[in-house]
Amino acid sequence: MIDLPKTYEPQAVETKWYERWLELRCFTPDPASRKPAYSIVIPPPNVTGVLTLGHVLNNTIQDILARKARMEGREVLWLPGTDHAGIATQAVVEKTLKKQGLIRHRDDLGREAFLARVWEWKEKHGGIIIQQLKKLGASCDWSRERFTMDPAYSRCVQQVFVDLHRKGLIYRGRRMVNWDPAARTALSDEEVIMTEEQGSLWHLKYPLLDERNQPLADAFVIVATTRPETMLGDEAVAVNPADPRYQHLIGRHCLLPLQNRRIPVVADELVDPKFGTGCVKVTPAHDPADYEMAQRHRLPLTVVIGPDGVMTPAAGEDFVGLDRMEARKAVIEELETQGLLLKVEPYTHNVGYSERSHVPVEPYLSDQWFLRYPSIDASTAAVEQGQIRFYPDRWVKTYTHWMRNLKDWCISRQLWWGHRIPVWYRKPAGSSSEGGARHVEADPATAAIHVDVEPPPDPENWVQDPDVLDTWFSSWLWPFATMGWPESTPTLRKFYPTTDLVTGPDIIFFWVARMIMAGYEYLGDKPFAAVYFTGIIRDKLGRKMSKSLGNSPDPLDLIAQYGADALRFGIMRSAPLGQDVLYDELHVELGRNFCNKLWNACRFRQLQGGSPEAEIDPALLTVDDKWLLLKLDRAIREISSAFAEYRFTEVTQTLHRFFWNEYCDWYIETSKAVFQGDNPARKANTLAVIDFVLSHMLRLFHPFLPFITEELWHGLDYQLELPDAQGGQTIMFAPWPKPLGDTFKLHYGLDESDERLVDARCALIGRGRNLRREFNIPANRKVTFVIRPTGGMSPHDVEVLRLLLNADAVNLDPAYAPPQGTPSALSELGELFMPLAGLLDVAAERARLTKELAKVQIEIDRVQVKLDNPAFVQKVPPAVLEDHQKRLADARAKQGQLQAALDALGNP
RNA sequence: GCGCGCUUAGCUCAGUGGAAGAGCACUUCCUUCACACGGAAGGGGCCGCAGGUUCAAGUCCUGCAGCGCGCACCA
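Residues numbered from 1 in each chain as written. Chains lettered and ligands numbered in written order. Predicted model: local features only at pLDDT ≥ 70, side-chain atom pairs only at ≥ 80, totals over all residues. Heavy atoms only, no water.

**Q** Requested: an account of the protein's contact with RNA strand B, with residues and values cited.
**A** The full set close to RNA strand B counts 57 residues, and Asp-272, Arg-603, Trp-660, Arg-773 and Lys-875 are the nearest of them. Restricting the count to atoms of RNA strand B within 4 Å of the protein gives a sugar and phosphate share of 63%. One of the side-chain nitrogen or oxygen atoms of Asn-350 is found 2.7 Å away from a base nitrogen of RNA strand B. Here a phosphate oxygen of RNA strand B sits 3.1 Å away from a polar atom, N or O, in the side chain of Asn-770. With 11 residues, the single largest contributor to the surface near RNA strand B is helix 17 (residues 585-607). Within the surface near RNA strand B, the residues separate by chemical class into 24 nonpolar, 13 polar and 20 charged. (Near = heavy atom within 4 Å. Polar contact = N/O pair within 3.5 Å; in protein donor to acceptor, adjacent residues only side chain to side chain. Helix = DSSP H or I, 4+ residues; strand = E, 2+ residues; numbered from the N terminus. Nonpolar A, V, L, I, M, F, W, Y, C, P; charged D, E, K, R; others polar.)

So, in structure tokens, the structure goes:
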């Protein structure tokens, strides 16, 4: 046994044990094991990312689940890895290269050279977040670490693409998609964030044309728009066919200002007569609804905004080359000059922003690949019927709502970094094989295609689709692609389906729902049994953590300052199920204080000397020992049921209460009565009780506080005599505590009456300490107490009272007659007096007793009102009635005693 | 517009029909031989508002308000 220093110093301890755990290969499970499997796949962080407090919360929870499962005797796989994060990573690398002046645009390098740079970047920065997770204590099986661009993983992604294509679920089509002009790629619907904005509704005047196509002097069609720059691409004005105001316009034409183009007025049901003017400008190439209308009315498409968000030549020479926002201003200015701007109204509307680039998304017509989701019914039913459980379960509704309104998923991205689409188009005969702009050599619309994991045997005659797949199209395979699918590996057989998934509700559609569908489609089984949704970490003002606000602390700094255990415990204690977490560094400080307290509680045990005691002698147990064991039993039961419902905060609260209040504040203090006494057998037995309880407590704490518990486990020699695999090598595999059980309680004579006795004694001590305070006895001054006991009281009890009341003596005297004015307090165990020779303050005692009497009177009144109600007495269950009657009797008795004490003080 | 949360002590939150709770913060006392990263004792709540059900409502029902978050092609 090594001596424990006075203050816990986490740094060296954490490094030492993490290395030891790796040496012992504690995190690497054996698929051949006969133990029941427990598995989690990590939500793969961005390979170039750094650890955030969100990761800390998420991964601490996973680690808690994994460590607890290990202690419960399960074969545990926590499978880690990272995600290639297509858009984000490509953007970061592109930006860096531009900053270094190496390129102006990625085209300057070309695809192959650019990708080489990205891989270089990945090799350099890709390991950072993994190293950070290790600092946190994450017990991942690093030998199975995966990356979504690993060759085997890529092959798996391509195979799924090919399969879904063969099933007819993947198709290519020309559609209006969400376009990110900054990243210059299509996005899925889920990657568009709708943001409410204060905009304007511009009312524009389009001159009406007469039969000879001449503008009428004073006849206009008024359209309202939030995006005036798109008017350059208008092809019609639409009205509702049933709108009586505009019947005369249908079939006529007006003049599109600035472009001087003749456009028709069409009738379409889509137009809401009640909104705006009831006339809608139709821009087929730049609005999804307008595109639909254009198809119905066979209108041409004029593209005036290019893929980079800059106006095209079709926008006219006044506007070509302008950014879309500049073009808006210019169009408005020009219309105003021409007197065609009727008015501008302030208008609140929703604008879609790219989740990645944070620029407004542009509806853009392009050729893309789409997926019609597979295994929808099985996936919906699994969650609805509870084969997959959500915690908290209210997310089930969100999930099923989305599943019932699925729209095809746009899976192609106009990027280089990612899984290239395994589709090749046959070049027209006689074309050269020189590289060039995309889609020049083969027309994908008409060319023969080759869709396969393997390229065509004669690659020179084919050209591969240049696009890559959405990153989520690889992530949705994570639970099984990481385990070696499509091979039937031992890992896959043992650990799929996984047990728990821990993630944020913000990716319920992106990831959770899609993983479920992929799981049913390819493994015929759910990918996980339960999903725990964490809250979002916010600062103490409720704002999201963000780099620009500078309110996002670096977890590694916190670990360096307070220790990983402190950070874990602090975060967990403030993270209620289903709600956001308001982070405050104070929580981490409290976590550190907690660790220090635990450290010192164990140090107290160590200072008592002696080696770990194996056997508790039931005959030598004090009431305090029994009380503590019963409290331990209760704590274990509470912790088990809290864990069963993933109520981690409740677990930490119970641990806190049991350890701090019950063990430290009461039990340790009472044990001093034994340790300061002269009964060696009893001392040894107390040590045995402490060792029993501490060894349970350390195990209960281990999932939350892996490092300090391991250090203390060995520091107190609890590993001695245990088999290697059962806690002898590491606390990680020590058996998870079970409730004590009836046999145990019978053997040790644990009875609730012991618990009640000690609780009553605690209450008595509380009364006594209160007297000290009320009469301004300094905490360090010893006084004498006298008790007029109601029953028997053991010498041990008296000694405990003496210590905890900081008394020089506690005298039992059934016939005690206190001097007038002696402060007193009532308790179940007897009346307590604090005689203060020469310091009696009759007035103070009278005031105190009067205050007490007032409190009792409130209680009497409250219960009396209920009992006086005939309906109450008649209808209430007997147990409740008895309870109330007892309350009244107790309160009256107390009132009598207080009154007697008050009378004894004499008149004021 | 539809849906889902939340509203209880100064703060963060428990409390799922029978006496308003915890942690932190606050006040006062204490360096007593585990711990001042500590101990002890206190103060502090029309449980968002209004109705209803019930012998009994923080708890169940109905409205309303405020805050937050999803979903939705009204330009």
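What follows picks up the thread again.
**Q** Describe the nonpolar core, naming the residues involved and giving the relevant values.
**A** Of all hydrophobic cores here, the largest spans 170 residues; its most connected members are Phe-161, Leu-371, Phe-390, Phe-473, Leu-477 and Tyr-663. Not counting residues up to four positions away in its chain, the partners in contact with Leu-477 are Tyr-153, Cys-156, Val-157, Val-160, Thr-482 and Ala-518. Among the nonpolar cores identified, the runner-up in size contains 28 residues, and Trp-202, Met-231, Met-311 and Leu-340 belong to it. (Core = buried A, V, L, I, M, F, W, Y, C linked by side-chain atoms within 4.5 Å. Buried < 20%, exposed > 50% of the residue type's maximum accessible area, 1.4 Å probe, protein only. Contact = heavy atoms within 4.5 Å.)

**Q** How would you explain the pattern of salt bridges if you had to name every residue and give the values?
**A** One pass over the structure, following the stated rule, counts 48 salt bridges. When the shortest N-O distance is used, the salt bridge between Asp-63 and Arg-67 registers 2.8 Å. Taken together, the residues span about one helical turn, with Asp-63 and Arg-67 both in helix 2 (residues 53-71) at a distance of four residues. There is no split in this pair, since Asp-63 and Arg-67 are both buried. Across the salt bridge formed by Lys-672 and Glu-669, the nearest N and O atoms sit 3.1 Å from each other. (Salt bridge = Lys/Arg side-chain N within 4 Å of Asp/Glu carboxyl O.)

**Q** Could you give an account of the packing of aromatic side chains, naming the residues involved and the relevant values?
**A** For the structure on display, the rule yields 47 aromatic pairs. Taking 4.5 Å as the distance between ring centres and 25° as the angle between the ring planes, the aromatic pair formed by Phe-569 and Phe-594 counts as stacked. Taken together, the positions of Phe-569 in helix 16 (residues 564-573) and Phe-594 in helix 17 put the pair 25 residues apart, joining distant regions of the chain. For the cation-ring pair, Arg-67 lies above Trp-21, with the distance from its terminal atom to the ring centre recorded as 4.5 Å. Seen from the ring of Phe-643, Lys-68 lies directly overhead, with NZ or CZ sitting 4.7 Å from the centre. (Phe/Tyr/Trp six-rings, centres within 6.5 Å; stacked < 30°, edge-to-face > 60°. Lys NZ or Arg CZ within 6 Å of the ring centre and 35° of its normal.)

**Q** Hey, could you go over the pairing of strand 8 (residues 215-225) for me, with residue numbers and the actual values?
**A** Pairing geometry for strand 7 (residues 192-209) and strand 8, over seven bridges, is antiparallel. Paired with Pro-207 across the two strands is Phe-220, which belongs to strand 8. Hairpin connection between strand 7 and strand 8: a loop of five residues separates the two successive antiparallel strands, and Asn-213 in this loop has a positive phi of roughly 60°. (Pairing = 2+ DSSP bridges.)

From the geometry alone we can't say anything about function, so treat these as descriptive.
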